[in-house]
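Descriptive structure summary
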Amino acid sequence: HPRNSAPPLLRLTPPPPSCHLSLLAASPPRSPHFPFHRPAGVQLRALGRVPGYLLSQWAMDEHAGHLRVAYTRTTGATTENAVDVLDVASLARVGRLSGLGMGERIFAVRFAGGVGYMVTFRQIDPLYTLDLTDPTAPRVHGELKIPGYSDYLHPLDEGTLLGVGRAGSAEG
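So, a few notes on the structure that sits alongside this text. Note that residues are indexed from 1 along each chain, following the sequence as it is written. Thresholds applied to this predicted model are a pLDDT of at least 70 for local features of residues and 80 or more for the giving and counting of side-chain atom pairs; totals over whole chains, interfaces and linings are not thresholded and use all residues. Note that water and hydrogens are dropped before the side-chain values are worked out from all heavy atoms of the structure.

With that settled, the discussion passes to the overall build of the protein chain. Across its full length, the protein chain carries 0 helices and 12 strands. In DSSP terms, a helix is any run of H or I states spanning at least four residues, a strand is any run of E spanning at least two, and both are numbered starting from the N terminus. In the protein chain, the succession of α and β elements from N to C terminus is β-β-β-β-β-β-β-β-β-β-β-β. Each residue's exposure class comes from its accessible area (1.4 Å probe, protein chains only) as a fraction of the maximum for that residue type: buried when under 20%, exposed when over 50%, partly exposed otherwise. Going through the 172 residues of the protein chain one by one, you find that 33% of them count as buried. A contact between two residues is defined here by any heavy atoms of the two lying within 4.5 Å. Contacts in the protein chain between residues far apart in sequence, at least 24 positions, make up 39% of those at least 6 positions apart. Accessibility throughout is a Shrake-Rupley quantity obtained with a 1.4 Å probe, and a residue counts as covered only by protein chains that appear here. Total accessible area on the protein chain stands at roughly 10,600 Å², and carbon and sulfur atoms take up 56% of it.

Strands were regarded as paired on the criterion that DSSP finds at least two bridges between them. Spatial strand order, E7-E8-E9-E10: 4 strands in an open sheet with antiparallel pairing. Every other strand in the sheet has two partners, leaving strand E7 (105-112) and strand E10 (139-147) as the edge strands with one partner each. Each strand axis lies, on average, 15 degrees off the axis of its neighbour in the sheet, ignoring direction. Only the contacting stretch of a helix is used when fitting its axis, a line to C-alpha atoms as for every element, and angles between N-to-C directions run 0 to 180 degrees.

Pairing is antiparallel in the open sheet, where 4 strands are placed in the order E3-E4-E5-E6. Looking at the sheet topology across the chains shown, the edges are occupied by strand E3 (60-63) and strand E6 (93-100). Strand-to-strand twist in this sheet, taken as the mean axis angle between neighbours without regard to direction, amounts to 25 degrees.

What follows deals with the pattern of salt bridges. A side chain of one charge can pair with a side chain of the opposite charge if their charged atoms are brought near each other. We define a salt bridge as a side-chain nitrogen of Lys or Arg found within 4 Å of a carboxyl oxygen belonging to Asp or Glu. Overall, the coordinates contain 4 salt bridges when judged by the stated rule. The partner of Asp-84 in a salt bridge is Arg-96, and the shortest N-O contact between them spans 2.6 Å. You can see Asp-84 sitting in strand E5 (residues 78-87) and its partner Arg-96 sitting in strand E6, a full 12 residues away along the chain. Asp-84 gets classed as buried once you look at its relative accessible area, which sits at 1%.

To continue, consider the environment of Leu-100. In this structure, Leu-100 sits in strand E6. In sequence terms Leu-100 and Val-83 are 17 residues apart; their C-alpha atoms lie 9.0 Å from each other.

Turning to the side chain of Arg-68, a few remarks are in order. Mapped onto the fold, Arg-68 is located in strand E4 (residues 66-75). Given the relative accessible area of 2%, Arg-68 is considered buried. Separated by 2.7 Å, the side chains of Arg-68 and Asp-61 make a polar contact. Pairing of N or O atoms within 3.5 Å defines a polar contact, subject to two protein rules: one partner must be a possible hydrogen donor and the other a possible acceptor, and residues neighboring in sequence count only if both atoms are side-chain atoms. At 2.8 Å, the side chain of Arg-68 and the backbone oxygen of Gly-113 are in polar contact. Residues contacting Arg-68, with those up to four places away along its chain left out, are Ala-59, Met-60, Asp-61, His-63, Val-83, Asp-84, Val-85, Phe-111, Ala-112, Gly-113, Gly-114 and Leu-132.

The following block contains the structure:
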């Protein structure tokens, strides 16, 4: 970048091998919003890591003292998707659900209470429903395969999920 310009804020390729998570807290507690620089009185409380990259802000959610993080991990020529459950105070992993959508990547993810929804895609869109009620043992509750993919998920109520995306065919 030119000498007096700021460095880029976001680099899209290649994806980082892991995502670092930081938990910042004001001391004493004030506002939950922090600027990008660390002002006086803000201390680093915890660091965590997941071994992949996140799709968007919807890939993270805090619920009942746990941070749930959905990510895609590339190992050699293959990809797999997973959800790690971290203790919100220490960012230590307490649970993991892995092996979702092997060879695919996450196109959409959303969390709602004790449930998670994940769409992975390569040719057919598997929509996974995840049971996250036990943070130490997350599991797949159901799976629906349909052509195409959803790239936005929105829970409308306890029994209804809206998926917005593109139709597909047997060829992709």
